[in-house]
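Overview (structure and organization)
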Amino acid sequence: MTKILHLGQTLSFTGDPFVEGPAAATHSSRGGVLIEGGRVIATGEADALRANHPGAEVTDHGDGLILPGFVDAHMHYPQTAMIASWGKRLIDWLNSYTFPEEMKFADRAYANEIAGRTLDLAIAYGTTTLTSFCTIHPGSVDAFFEATQARGMAGFAGKTCMDRNAPDGLRDDARSAHDDSEALIERWHKKGRATYVITPRFSPTSSPEQLSALGALWAAHPDCLMQTHLSEQVDEIDWVKGLYPQACDYLDTYEQHGLLGARGLYGHAIHLEPRETDRLRETGAGLVHCPTSNTFIGSGLFDMAARVAEGQRIGLASDTGGGSSFSMLRVMGAAYEIGQLKRNPIHPAQLLWLATEGSATVLHSEGEIGRLAPGAMADMIVLDLASTPGIAQRSAVASDIWEALFPTIMMGDDRAIAKTYIAGRQMKG
Ligand SMILES: [Zn+2]
């Protein structure tokens, strides 16, 4: 098998920058990543790798910064065509824009078109793993996983389940949600790079019977992940409390029905009560921060410092189309801005970690994605740290790698992604 040695700047984590600070990362101005059979087999200094692997083909990226591809831990591929829709808050936004668009996914050809379009946009923006809600239609899940498999990408997704408070044509029921999801688990879970994610949209659109059925399904398939939304907007929380009078808080609506666990992904998690943060930490659940969505829909400010201090597991996500950008660079920038509003300037090392290893960790896929280390899949990007004149003039006078990278985090877009590789195969550039 051919070995390919990629040379450029490299930046890799040996620890958690929320614990160790920027010293958790190692920068090499002339490093390398050696790939064979779609996986990373060695990393290190360029000269040493060349000397030790004289037969390897060399691809030299010059000053390009070689990084793991971004891992988006929460998004909605069926909302790609209605991203950046104006003027609504959560419940209105769902009814005005989201539900009419999701209705179209009864048509399998449309689902195929949007799945392909979404993945191609992700690759252009340097995102190599998507975690997606689909629609209630099982065909929308088939379309997503067929599209990820065709590109060799890791995909995490599931059929969105809703049996109330949604329009005709977008409701299943407790039984069919369970049975359709189980059939999809049989068809897709652990096939190639696909991971099935049991997906109740959120408590307001599921009856207690449906949440129970999905809790039982998760208990029967404990290596599946489970994803949903939690405490995104204040009026949503009031609605949940009215719908579930027996629950002591929003998280309890999931916990009472077997939907709280370490392999659970809870999108947003902004307005939490102390009991909720305790239970999330005790169970090792994954909190998924969606900053561009939270500012766009006006949901609130995620408290990163408090969640980190509690020892929560945290990933980062675009939440498109509630999020207003396909770019995880923009998502990192928004996380920084929200941090500033909370008087917590999040270091670029921490932002980068969240978009790669942090998200991989909440997906229980650390070691496989989100890090370029021996044994990991070669899902990789090359970042141009001078992709526009405005960014270039700032990075030119940077005193270290973090100052060189931060302008791209704040101002970069798809032009900053010089190359994208999936399992070692070049998909962009
Ligand atoms: Zn969402």
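Residues numbered from 1 in each chain as written. Predicted model: local features only at pLDDT ≥ 70, side-chain atom pairs only at ≥ 80, totals over all residues. Heavy atoms only, no water.

1. A word on the overall build of the protein
When you go through the protein residue by residue, the secondary structure sums to 16 helices and 16 strands. For 429 residues, the compact-globule formula gives about 22 Å, and the C-alpha radius of gyration of the protein, at 21 Å, lands near that figure. Its C-alpha atoms give the protein principal-axis dimensions of roughly 65 × 45 × 40 Å. Counting only residues that meet the buried cut, the protein has 60% of its 429 residues in that class. The contacts of the protein with a sequence gap of at least 6 include a subset with a gap of at least 24, amounting to 75%. Of the roughly 15000 Å² of accessible surface on the protein, 51% is carried by carbon and sulfur atoms. Here the protein contributes 35 positively and 51 negatively charged side chains, and the mean placements of these two sets differ by 2 Å. (Helix = DSSP H or I, 4+ residues; strand = E, 2+ residues; numbered from the N terminus. Rg over C-alpha atoms; globule rule 2.2 N^0.38 Å. Buried < 20%, exposed > 50% of the residue type's maximum accessible area, 1.4 Å probe, protein only. Contact = heavy atoms within 4.5 Å. Areas by Shrake-Rupley, 256 points an atom, 1.4 Å probe, with all protein chains shown as cover. Lys, Arg positive; Asp, Glu negative; His and termini not counted. Charge placed at Lys NZ, Arg CZ, Asp CG, Glu CD.)

2. Some thoughts on the pattern of salt bridges
Throughout the structure, instances matching the rule amount to 24 salt bridges. Note that Asp120 is salt-bridged to Arg151, the shortest N-O span being 2.9 Å. Separated by 31 residues along the polypeptide, Asp120 in helix H4 (residues 108-124) and Arg151 in helix H5 (residues 138-151) bring together distant segments of the chain. Here Arg394 makes a salt bridge to Glu403, at a shortest N to O gap of 3.5 Å. Accessibility expressed as a relative area gives 32% for Arg394, which makes it partly exposed. Three or more residues are tied together by salt bridges with common partners; here these are Asp249, Asp252, Glu255, Arg275, Arg279 and Glu282. (Salt bridge = Lys/Arg side-chain N within 4 Å of Asp/Glu carboxyl O.)

3. Concerning the side chain of Asp413
Its location among the elements puts Asp413 in the loop between helix H16 (401-411) and strand E15 (417-422). Here Asp413 is in contact with Tyr125, Ser327 and Leu329, once residues within four sequence places are set aside.

4. Description of helix H6 (residues 174-188)
Taking 1.5 Å as the rise per residue, H6 with 15 residues should run 21 Å; its terminal C-alpha atoms sit 21 Å apart, in good agreement. Ala177, His178, Ser181, Leu184, Ile185 and Trp188 are the residues of H6 that are buried. Projection of H6 onto a plane perpendicular to its axis shows the buried side chains occupying an angular sector of 135 degrees, all on one side. Exposed side of H6, more than 90 degrees from the buried face: Arg175 and Glu186 are the residues found there. Where H6 is buried, its residues meet H5, strand E8 (160-161), strand E9 (194-200) and helix H7 (208-220). (Expected span 1.5 Å × (residues − 1). Arc of directions from axis to C-beta.)

5. Overview of the pairing of strand E11 (residues 264-268)
Counting buried positions along E11 gives five out of five residues, so the element sits mostly inside the fold. Bridging between strand E10 (residues 225-230) and E11 involves five bridges; their strand directions are parallel. Among the inter-strand pairings, His229 is bridged to a residue of E11, identified as Gly267. Inspection of the sheet shows E11 paired to strand E12 (residues 286-289) by three bridges, in the parallel sense. (Pairing = 2+ DSSP bridges.)

6. Observations concerning the packing of helix H13 (residues 328-341) against helix H14 (residues 348-362)
For the pair H13 and H14, the least separation of the axes is 10 Å and the interaxial angle reads 130 degrees. In terms of axis orientation, H13 runs oblique to H14. Remark: the crossing between H13 and H14 carries right-handed chirality. On the side of H13, the interface is formed by Met328, Met332, Ala335 and Tyr336, while H14 contributes Leu351, Leu352 and Ala355. (Axes fitted to C-alpha atoms, helices over the stretch in contact; angles between N-to-C directions. Parallel < 35°, antiparallel > 145°, perpendicular 65-115°, else oblique. Left-handed = near helix turned anticlockwise from the far one by under 90°.)

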